[in-house]
Amino acid sequence: MAKLGTKKRPVRFRVQTDERLQEIALLCDKNGWIFVGGFEPDEPEDLCEVEYLLNPQAFTSQPRMGNADNMTVVHKKPKVGRNAPCPCGSGKKYKKCCLGKSDPPVIQKRDELDVLMGEGYSLLHKNKTIEACDAWIELWNKLKTGFRPEFVDVKEADSIFTGGEYIYNWCRDFEVELGNAGLDNSSYYRKRIEYCTDFCSIFPESDSLLMHNMKRAVAESYFALGDISKGEECFKKLIEEYPKIIWGYIGWGDMYLWPMKKSIKPDYEKAEKIYKMPLGMDLEGEADLIDRLNELKTKREKNT
């Protein structure tokens, strides 16, 4: 993950007054942090990412700011070379004109897509998973209209998006939350299948772990819907395509150790058979597989 406060991962904050906005913007500029700030009078101040950079030892993990709807954002101005024309338009070189002067932050309105993304994250903070997914389904459908044929890796799609989060990061959150929404409303498992299948078709050259997770989500969703034969088919294709990623085997075995439908009883024999398939292949994560086999043994003994 990119370092917080850099161009790839700007530090984000939200304040209630213009004076406070200028204060935090200047603090970020003083420390050399690239930032995206919000001025929202009716929303609570959120400086968690700034506070983390000022004192990381006070946090057990890096915090994440909850985006506000319709937020006006502040970006740090791009650096200008000393001998480049001054951005003020004077016609002089930057070093002979405005270099060293205090430049105000550039303020711009969030675009519609960033608003939808932020709305989803805000709803998640309020434990409204289904509503968040609905916002993100709308976002995904709008994003697709801007994807170009030459985009075969999802990271390339960030060139058309100017929001505070990267599409590469968001797309994984979207898949996970569709699965969480499915726990309350099974129709979201169908939406998860549609989204993940769509994603893999549009961005087939994205990194292998991301593609694996998307295809695994499809297989799990079929199991959750009770379509075991289709789920089996998807998992078989998954391990054929990614035989060296151990989580395909673990995920498949989990479907029988912990069935996703309450009406289905665990099938310890089948789960054990699947878990043992990659043993001896010296794959990364084998310790997690051994943990699964030990838990299977415990559950089997408890229920016999």
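Residues numbered from 1 in each chain as written. Predicted model: local features only at pLDDT ≥ 70, side-chain atom pairs only at ≥ 80, totals over all residues. Heavy atoms only, no water.

## Quick look at unusual backbone geometry
Located in the positive-phi region is asparagine 127, a residue other than glycine, with phi close to 60°. Mapping asparagine 127 onto the fold places it in the loop between helix 3 (112-125) and helix 4 (129-144). If you check the backbone angles, aspartate 282 has positive phi at about 55° while not being a glycine. Following the sequence through the fold, aspartate 282 ends up in the loop between helix 10 (268-275) and helix 11 (286-302). (Helix = DSSP H or I, 4+ residues; strand = E, 2+ residues; numbered from the N terminus.)

## Considerations on helix 9 (residues 247-257)
Of all eleven residues making up helix 9, ten are buried, and the element is well covered by its neighbours. Along helix 9, the residues classified as buried are Gly248, Tyr249, Ile250, Gly251, Trp252, Gly253, Asp254, Met255, Tyr256 and Leu257. Among the structural elements, helix 7 (208-224), helix 8 (228-241), helix 10 and helix 11 are those in contact with the buried residues of helix 9. (Buried < 20%, exposed > 50% of the residue type's maximum accessible area, 1.4 Å probe, protein only. Contact = heavy atoms within 4.5 Å.)

## Considering helix 4
The end-to-end C-alpha separation of helix 4 is 22 Å, in line with the 22 Å expected for 16 residues at 1.5 Å each. The elements touched by buried residues of helix 4 are helix 3, helix 5 (167-184) and helix 6 (187-202). (Expected span 1.5 Å × (residues − 1).)

## Quick word on the pattern of salt bridges
Summed over the entire model, instances satisfying the criterion amount to 16 salt bridges. Close ionic contact of glutamate 233 with lysine 237 constitutes a salt bridge, the shortest N to O distance being 3.3 Å. Of the two residues, glutamate 233 and lysine 237 are both situated in helix 8; the distance of four residues between them amounts to about one turn of the helix. Take glutamate 233: its relative accessible area is 34%, and that puts it in the partly exposed class. Taking relative accessible area as the criterion, lysine 237 reaches 49% and is therefore assigned partly exposed. (Salt bridge = Lys/Arg side-chain N within 4 Å of Asp/Glu carboxyl O.)

## Focus on the side chain of glutamate 175
Mapping glutamate 175 onto the fold places it in helix 5. In this structure, glutamate 175 is in contact with Arg192, Tyr195, Cys196, Asn213, Met214 and Ala217, ignoring residues within four places of it in sequence.

## What about the pairing of strand 1 (residues 11-15)?
Consecutive side chains of a regular strand alternate in pointing toward one face of the sheet and then the other. Most of strand 1 sits inside the fold, with five of its five residues counted as buried. The pairing of strand 1 with strand 2 (residues 35-39) spans five bridges and is classified as parallel. When the sheet's bridge partners are listed, arginine 12 is paired in strand 2 with valine 36. (Pairing = 2+ DSSP bridges.)

## Some points on the packing of helix 5 against helix 7
In the contact formed by helix 5 and helix 7, the axes pass within 11 Å of each other and the chain directions differ by 20°. Classified by the interaxial angle, the pair formed by helix 5 and helix 7 is roughly parallel. Every pair of crossing elements has a handedness; the one defined by helix 5 and helix 7 is left-handed. On the side of helix 5, the interface is formed by Tyr168, Cys171, Arg172 and Glu175, while helix 7 contributes Leu210, Asn213, Met214 and Ala217. Its residues placed into classes, the contact of helix 5 with helix 7 shows five nonpolar, one polar and two charged. (Axes fitted to C-alpha atoms, helices over the stretch in contact; angles between N-to-C directions. Parallel < 35°, antiparallel > 145°, perpendicular 65-115°, else oblique. Left-handed = near helix turned anticlockwise from the far one by under 90°. Nonpolar A, V, L, I, M, F, W, Y, C, P; charged D, E, K, R; others polar.)

## Points about the packing of helix 7 against helix 9
Viewed as axis vectors pointing N to C, helix 7 and helix 9 meet at an angle of 10°, and their least axial separation amounts to 11 Å. With respect to their mutual orientation, helix 7 and helix 9 come out roughly parallel. Within the contact between the two elements, helix 7 uses His212, Arg216, Glu220 and Phe223 and helix 9 uses Trp247, Gly248, Gly251, Trp252, Asp254, Met255 and Tyr256. Its residues assigned to classes, the contact of helix 7 with helix 9 comprises five nonpolar, three polar and three charged.

## Concerning the confidence of the model for the chain
In the predicted model, the chain carries a mean pLDDT of 85, and the fraction of residues at 70 or more is 83%. Long-range and interchain partners of residues 102-109, a stretch whose pLDDT sits below 50, account for 20 contacts in this model, where long-range means more than four residues apart. (pLDDT = per-residue confidence, 0-100.)

## Focus: the environment of serine 201
One can find serine 201 in helix 6. Serine 201 gets classed as exposed once you look at its relative accessible area, which sits at 57%. Counting along the chain gives 49 residues from serine 201 to valine 152, while the straight-line C-alpha distance between them is 8.9 Å.

## Side note on the nonpolar core
Taken as a class, soluble globular proteins show a tendency for nonpolar side chains to be buried jointly. Residues Trp170, Tyr195 and Phe199 are the most contacted members of the largest nonpolar core, which totals 60 residues. In terms of residue count, the dominant contributor to this core is helix 7 (eight residues). If sequence neighbours within four positions are ignored, tyrosine 195 has contacts with Trp140, Cys171, Phe174, Glu175, Leu178 and Met214. (Core = buried A, V, L, I, M, F, W, Y, C linked by side-chain atoms within 4.5 Å.)

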